[in-house]
Structures are given as structure tokens and as C-alpha cells.
Amino acid sequence: MKVGDPAKVLQDVFGYGAFRGPQAEIVAHVVSGGSALVLMPTGGGKSLCYQIPALCRPGVGVVVSPLIALMQDQVEGLRQAGVRAAALNSSLEAGEAAAIWRTLERGELDLLYVSPERLMSPGFLDRLEQLPLALFAIDEAHCVSQWGHDFRPEYLQLAVLAERFSAIPRLALTATADPRTREEIRERLQLQQGRVFLASFDRPNIRYLLRDKDEARSQLLAFLAERRGEAGIVYARSRARVDRFAADLRAAGFDAVAYHAGLSAEARSTALNRFRREAGVVVVATIAFGMGIDKPDVRFVAHVDLPKSLEAYYQETGRAGRDGLPAVAWMVHGAGDVPQLRRFIEDSDAAPAQKQIEHGKLNALIGFSEASACRRQVLLKHFGEILAEPCGNCDLCLEPDTGTDVTVAARKALSAVFRTGQRFGGAHLVDVLLGGDTARIRELGHGELSVYGIGRELERGQWRSLIRQLVAKSYLLSDAESRGGLRFGPDSLVKPLLKGEVSLALRLPPPAKERRQATGGDRGAAATATLELAEEGRERFEVLRSWRLEQARSQGVPPYVVFHDRTLMEIASRQPTSLAELGTVTGVGQAKLDRYGESVLQLLARPEPQPLRPSLGLCSPEP
Ligand code: ADP
Ligand code: ZN
């Protein structure tokens, strides 16, 4: 199948009516033989940027992809859409690989996925040189960068493609948002001559919700209580914490699996497969989990510990909501996280200059977590993008609070730091301010100090938040060497505040009592995508979903390669009655229409299932 018109391929093969963002321009550029670096956020639609040109140009499109596990799903998704695709990697038997080569040599493949090792193996490029090639696509191109977070040495060798295949368009694609990594990709893959396409990195469907860390476990359970049955990822810092949180979630009745580098390869691949192929699985993971996860319907990403940089936070949260439907990035952050992360940096083997960079990256993250206005504006600004208006879809936009005057409290906190000798961390300082009776206070005689017990007007959580914000604003400095001890920041900041020459307004968490009443925040954000459907539509959607699960099981593929949720939702709400009408639904291309059209129409024509329980509105007691 070689057809010339990209817009027609988009509709006929993929069932989409229009290109998104810069896709049209990129596709046109590559179809006419140009090379490029494509920077697009996760879920932005990078795949079509090379898949469509591969279908429009003569020859096969070669896609370099770092993760074998995911190639198969990509290939499967393409085959479902009627595209002739295959993957060559180390998981194949020799006979299977030989069969793929024969298909290639007969000119019967549109897209070939290969691992970088395979591509660079002896003789491989020689064989490719004998074939007509449509293009090279280098997916997850940031793997070539040592500065980035997923460095893969074998990616460095991909530079030879520029020399050996100078007439073939090369497309490097990544969701990396860091300008320095981008430069490195261009250099290392010799794309200096190619164009750079930069899409907005905003992910408007992701709601950012940050909470003061109080008791991460119960906060997480409360957040998840509204999300039973949804697929999601929970990130924790260490293997031990991953195991613990996974066990807690299972005990609370969630279908949770752990994933970290300490588990066997088999356990990891089972976890990954369950997550991809079953509904409503929650993966609790360290950062070892994630690259290339292309599951479109991840509804939430939760962080119970701070990630190590704002880039990492963006990448990790970006795995939510690839399908464009509402999703939530939720994080609890607390005073204890920062000194610990600083210590990790200090204790690492990195050179001093590198440590400096890591501290800087962490500072950017602290700036984000202690932001006082729209989170999305802060996040995008870090990546060089200006969002003109507050987003309306983050905790600070949704729960506006200009802050209260905390000048007096801040002065008390600073005094406590000073009187205790500028060497204690937040926890002890709060004990002193609240007039606590701890062993440490007795031992050090801190009960005798003038600051002892002068802060009873605020609760512990409020003091901790206040101190953390004083650190974020540099009134206080936290030393990695002194294990999180706090000392004064620059005189120019601290003195005017102590002398009462300036005032300070900050947002503090409400007292615990009020907090329990105002649970609206996270629930209001309930991202259950099906909320967009009316009641009967939702039942139809469920019927379609179980039909899809059957289809996927019988073919041994993930459900979303059959149809995305978004497509099923549109079918459920529009209820098409003919094949022609069904063909106009987003995500229904010709091949899927031929394959599934009749059975979907039959499903819709069946009489409405009778609800098993009486409608809630009639008999549920008033709360
Ligand atoms: P990325 O690789 O950039 O993370 P994908 O290529 O996987 O993103 O695309 C994300 C989702 O958006 C996929 O489900 C894809 O089918 C869908 N998509 C991409 N382009 C379009 C488009 N023009 N119209 C509708 N849906 C699209
Ligand atoms: Zn906002």
C-alpha cells in the first residue's frame, strides 16, 4: 500500500479527521525528503509523524526503538489498522527473523521496528542498503544524551546513519523538555542541518494537585478511594517503600503490583504486562518504571516522594492521560524530602560540578512545589514556555488562596532557629515552638529558651509548611552536611523581616479540623473519564469495553490496540447505526471497520441491558 496523500492516510488508515499541532507540517517535510528533530510531549502524537510518511513514501520506514517489549504492541496496533509492520529484535528465533527479511526483500513491509543493537549488528546496515528505504525514525532520541536520564550507549552509534544513508530522511523524536538534552541530540545524531519542530509541552488534560505531606500512606489511600478500577502509577523513592506501598494498597483492596530494579526480570515483566493488558491495575514503582510506557489510559500518576528534578517530575507525570482524557498528577511533598535528596546528591560519586547541577535541578523542583501561583505556569516556564493565563486546572488555580499574613509567625520561626544555634531541622524547631516535651528538648535544655512554646497559635502541619516555605524562599538554608539543620539565609532577606520592615504572606494548610470537612479538592478532580458520558451511555460504554476485552484476549493483544477508550466513548454516545456512520468515529479506520464494524453494530442494536440494581436516585437514603 503506497498512497500519496497524508490527510487521506490519516483518515483511511488511522480514522482521524485532522492532524494535531505541528503534525501536518512535520509529515509534509518528511514526505518531501527532509530530516528533523521532533520535540513533542508524551501523548502529543509523535508516532504518526513517521508512520504516515513511511506510508506515503516508497520503501520501508525503519524505526529504531529502545524497548523490545513495546515494539510488539506498536506493531500489533499498526497491523490492526491494516499497516504491514514487523519488529526485528533479540526476542526472535532465527527462523522468524529470516521470514521477516524475506518479506522485506519482497517489498511487502511498510514499517520495520528494530532495536539499536540489532540495527548495528554486523551486516545489518549492508542488507538495508540493498532495499528501498522510506525513512529512519529514531524514537526516544534522548537516549543518545549522557546529560539526560535514559542514556543508552548503543544510541551513540546511530550517528553513522547520517553518513551511510545521507539521502534518506532521518527523524529523531523525543518528549524531553530539557533544552540542553535537545542540543545534544542534534549534535550526536548529526541533525544540525535538519529542521527542529517544537510542539507546546503543555498537557492541558493533566490536573496537577500537590498536597502537604502529612501521612503519605493514608493520604494516598484517600486520594485513591475515588479511583477504584482506574489504571495508575504510584512513584516512591526506594525499593523498600515501593514494596510497602504496594502491600498497603493490596491490603486496601487495590489491584496493585510492585516494580523496581530489585525484582527478578520475570516479576517485572509480569507486572508490566498486567498493567498494559488488564484494566485497573496500579503499578507502584521506583523511577525504574516508565520509559516508553505507551498505555494511553493511565488515569493518574501519584508521587509519595519528591522526584529528583522538575524534568523527572514532568516525564513521570506525563505518562498519565496520553489519550487526552482527564488525568491527575498528584503529589505529596514534605519537609523531610529535601534534605534527604540533598544528601543523595552529596553522597553520590559525581564530580563537584555535576553535584552543583543536580542541586540546581532540585531547586527548580522546590520552586514548583512551593509555588504560590499556577503550577502549570511555573512548570512550562522552566521549559522556556510562557503560559499567558493561569491554567484553571491545578491545585493553586482551583483552590485559590492569596495567603495569610504570616509575618509574626515567620519571625517566631526565625527566632527559634537563632536561639537554638542554627543547627536543628524543622521537626525539632516545631517541637520547641509548640512547647513540646521531648527527650531532645529536655536533654538540650531547650525548654528554658524564650522561644519555647511561643507558637501554639499554629498546628504542627502549619508550622512545617511555614518553615518549608521559608526554606524555599531562602530565608532559611538547609545544609546537606549538617543533616538538614537550618541556618539563616542572607542578611538582606532575614534582617528586614526580623526588624518588622517587611511583611510576608504565605499559604498555609488549613487546620486539621477544617481539612477533614473540605475533602472537595481531590474528589472534585475525579478524573473518571466516563463522567463525560450520560448514564445510559456509560452502560453502553461498559458493554463495549467487555466486548473489547474479549477481542483483545482472543488475539493476545492489549485492549487499546483494538480501540481506544476515547473511540468507545464516542461510539457509546453517538450510537451509529450503519457502517458508514461508524466509519466517521475518531479512531475507526478502514481496516478496523472491516474487521469489527459488524459486531459493534450488532452490540449496539441489542436491547438495553436492564440495570441489576434499582436506580440510585430513588432509594438511596438521604445522607
Ligand atoms: P507520543 O508517541 O507522542 O507519546 P502517540 O503517537 O502514542 O504519542 O499518540 C498519542 C495518542 O494520540 C495516540 O492514541 C494516537 O493515536 C493519538 N493521536 C495522534 N495523532 C492524532 C490525531 N491527529 N488525531 C487524533 N488522535 C491522534
Ligand atoms: Zn494552574
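This text goes with the structure placed above it.
Quick caveat: nothing in here was measured; it's all calculated off a predicted structure. (Residues numbered from 1 in each chain as written. Chains lettered and ligands numbered in written order. Predicted model: local features only at pLDDT ≥ 70, side-chain atom pairs only at ≥ 80, totals over all residues. Heavy atoms only, no water.)

Asks: Where do I start with the nonpolar core in this structure?
Replies: Grouped burial of nonpolar side chains is what soluble globular proteins tend to show. Ranked by internal contacts, the top residues of the largest apolar core, which has 78 residues, are Leu119, Leu128, Phe289 and Tyr313. Looking at which domains feed residues into this core, each of domain 1 (6-198) and domain 2 (206-334) gives three or more. Not counting the four nearest positions on each side in its chain, Leu128 is found in contact with Val62, Trp101, Leu119, Leu133, Phe136 and Phe165. Counting residues in hydrophobic clusters, the runner-up holds 34 residues, among them Phe14, Val30, Cys56 and Leu173. (Core = buried A, V, L, I, M, F, W, Y, C linked by side-chain atoms within 4.5 Å. Buried < 20%, exposed > 50% of the residue type's maximum accessible area, 1.4 Å probe, protein only. Domains from an automatic or database assignment. Contact = heavy atoms within 4.5 Å.)

Asks: Would you take a moment to explain the environment of Ala24 for this structure?
Replies: Mapping Ala24 onto the fold places it in helix α2 (residues 23-31). A sequence separation of 17 residues divides Ala24 from Ala7, and the C-alpha atoms of the two residues are 8.3 Å apart. (Helix = DSSP H or I, 4+ residues; strand = E, 2+ residues; numbered from the N terminus.)

Asks: Would you explain the coordination of the zinc ion (ligand 2) in this entry?
Replies: The reference angle at a metal is 109.5 degrees if four donors form a tetrahedron and 90 or 180 degrees if six donors form an octahedron. Around the zinc ion (ligand 2), the protein contributes the donor atoms Cys374 (SG), Cys391 (SG), Cys394 (SG) and Cys397 (SG), at 2.3 to 2.4 Å from the metal centre. Assessed through its relative accessible area of 0%, Cys394 is described here as buried. (Donors = N, O, S within 2.8 Å, 3.2 Å for Na, K, Ca; no water.)

Asks: When you look at the site of ligand 1 in this model, what are you seeing that I'm missing?
Replies: If you check the shell around ligand 1, you find 15 residues, and the closest are Tyr16, Gly43, Ser47, Arg322 and His564. Interatomic distance of 2.5 Å between a side-chain N/O atom of Tyr16 and an oxygen atom of ligand 1. Residue Arg20 places a side-chain N or O atom 3.3 Å away from an oxygen atom belonging to ligand 1. Relative to its unbound accessible surface of 560 Å², ligand 1 loses 83% to contact with the protein. Top contributing element to the shell around ligand 1 by residue count: helix α3 (residues 46-56), with 3 residues. Split by residue class, the shell around ligand 1 holds 5 nonpolar, 7 polar and 3 charged. (Near = heavy atom within 4 Å. Polar contact = N/O pair within 3.5 Å; in protein donor to acceptor, adjacent residues only side chain to side chain. Areas by Shrake-Rupley, 256 points an atom, 1.4 Å probe, with all protein chains shown as cover. Nonpolar A, V, L, I, M, F, W, Y, C, P; charged D, E, K, R; others polar.)

Asks: Quick question: what am I supposed to make of the sheet that holds strand β4 (residues 111-114) here?
Replies: For sheets, the rule is that strands pair by backbone hydrogen bonds, running either parallel or antiparallel. Here we have 7 strands laid out as an open sheet, ordered β3-β4-β2-β5-β6-β1-β7, and parallel in their pairing. In the strand order of this sheet, the two ends are held by β3 (85-88) and β7 (195-198), each with one partner. Across the sheet, the axes of successive neighbouring strands diverge by a mean angle of 20 degrees, strand direction being ignored. Inspection of the sheet shows strand β1 (residues 36-39) paired to strand β6 (residues 170-174) by 4 bridges, in the parallel sense. Within β6, the residue paired with Leu39 across the bridge is Thr174. Sitting on the sheet, helix α5 (residues 94-105) touches β2 (60-64), β3 and β4, and the angle it makes with β3 is about 135 degrees. (Pairing = 2+ DSSP bridges. Axes fitted to C-alpha atoms, helices over the stretch in contact; angles between N-to-C directions.)

Asks: Looking at this model, I keep getting lost on the packing of α2 against α3. Mind explaining?
Replies: Interaxial distance between α2 and α3 falls to 9 Å at its minimum, and their mutual angle equals 40 degrees. On the basis of the axis angle, α2 is oblique to α3. Viewed along their axes, α2 and α3 form a crossing whose handedness is right-handed. Of α3, the residues touching α2 (which contributes Gln23, Ile26, Val27, Val30 and Val31) are Leu48, Cys49, Ile52, Pro53 and Cys56. (Parallel < 35°, antiparallel > 145°, perpendicular 65-115°, else oblique. Left-handed = near helix turned anticlockwise from the far one by under 90°.)

Asks: Help me understand the side chain of Arg203, please; the structure alone is not making it clear to me.
Replies: Position of Arg203 among the secondary structure elements: in the loop between β7 and β8 (206-212). Asp323 is the oppositely charged side chain nearest to the buried, salt-bridge-free Arg203, at an N-O distance of 7.0 Å. Within polar-contact distance, the side chain of Arg203 engages the backbone oxygen of Gly321 at 3.1 Å. (Lys, Arg positive; Asp, Glu negative; His and termini not counted. Salt bridge = Lys/Arg side-chain N within 4 Å of Asp/Glu carboxyl O.)

Asks: In this structure, what is going on with the environment of Ile357? I would like to understand it.
Replies: Along the chain, Ile357 falls in helix α15 (residues 352-369). The exposure class assigned to Ile357 is partly exposed, which follows from its relative accessible area of 26%.

Asks: Honestly, the pairing of β6 in this entry has me stumped. Any pointers?
Replies: For a regular strand, side-chain orientation follows a simple rule: the groups alternate between the two sheet faces. Counting buried residues along β6, 5 of its 5 residues qualify, which places the element largely inside the surrounding structure. Across the two faces of β6 the burial is the same, with Arg170, Ala172 and Thr174 and Leu171 and Leu173 all buried. Sheet analysis places strand β5 (residues 133-138) next to β6, joined by 3 bridges and oriented parallel. In the strand pairing of β6, Ile138 is matched with Ala172.

Asks: How do you make sense of the packing of aromatic side chains when you look at a structure like this?
Replies: Given two aromatic rings, their pairing is described by the distance between the two centres and the angle made by the two planes. Per the stated rule, a full pass over the model turns up 14 aromatic pairs. When the centroid spacing of 5.0 Å and the interplanar angle of 65 degrees are considered together, the rings of Phe136 and Phe165 count as edge-to-face. With Phe136 in strand β5 and Phe165 in the loop between α8 (160-164) and β6, this residue pair connects regions lying 29 residues apart in the sequence. We classify Phe136 as buried; its relative accessible area is 0%. Between Phe223 and Phe300 the ring centres are 5.9 Å apart and the planes differ by 90 degrees, which places this aromatic pair in the edge-to-face class. On the criterion of sequence distance, the pair formed by Phe223 in helix α10 (residues 216-225) and Phe300 in strand β12 (residues 300-303) is long-range, its members being 77 residues apart. Put simply, the rings of Phe201, Tyr314 and Phe383 touch in pairs and so form one group of aromatic residues. In this structure, Arg127 packs its charged tip against the face of Trp101, placed 4.1 Å from the ring centre. One Lys or Arg, Arg182, reaches over the ring of Phe201 and ends 5.2 Å from the middle of that ring. (Phe/Tyr/Trp six-rings, centres within 6.5 Å; stacked < 30°, edge-to-face > 60°. Lys NZ or Arg CZ within 6 Å of the ring centre and 35° of its normal.)

Asks: I'm lost on unusual backbone geometry in this one. Help?
Replies: Leave glycine aside and you will find that most residues have negative phi; peptide bonds, for their part, are mostly trans. Of note in this structure, Glu140 is not a glycine but carries a positive phi near 50 degrees. With a phi angle near 50 degrees, Gln422 is a residue other than glycine that sits in the positive phi range. Tracing the sequence through the fold places Gln422 in the loop between α18 (407-419) and α19 (426-433).

Asks: What is the right way to read the pairing of β1 from this model?
Replies: Burial along β1 is two-sided: the face carrying Ala36 and Val38 and the face carrying Leu37 and Leu39 are both buried. Here β1 runs beside β7; their pairing, made up of 4 bridges, is parallel. Paired with Leu39 across the two strands is Leu198, which belongs to β7.

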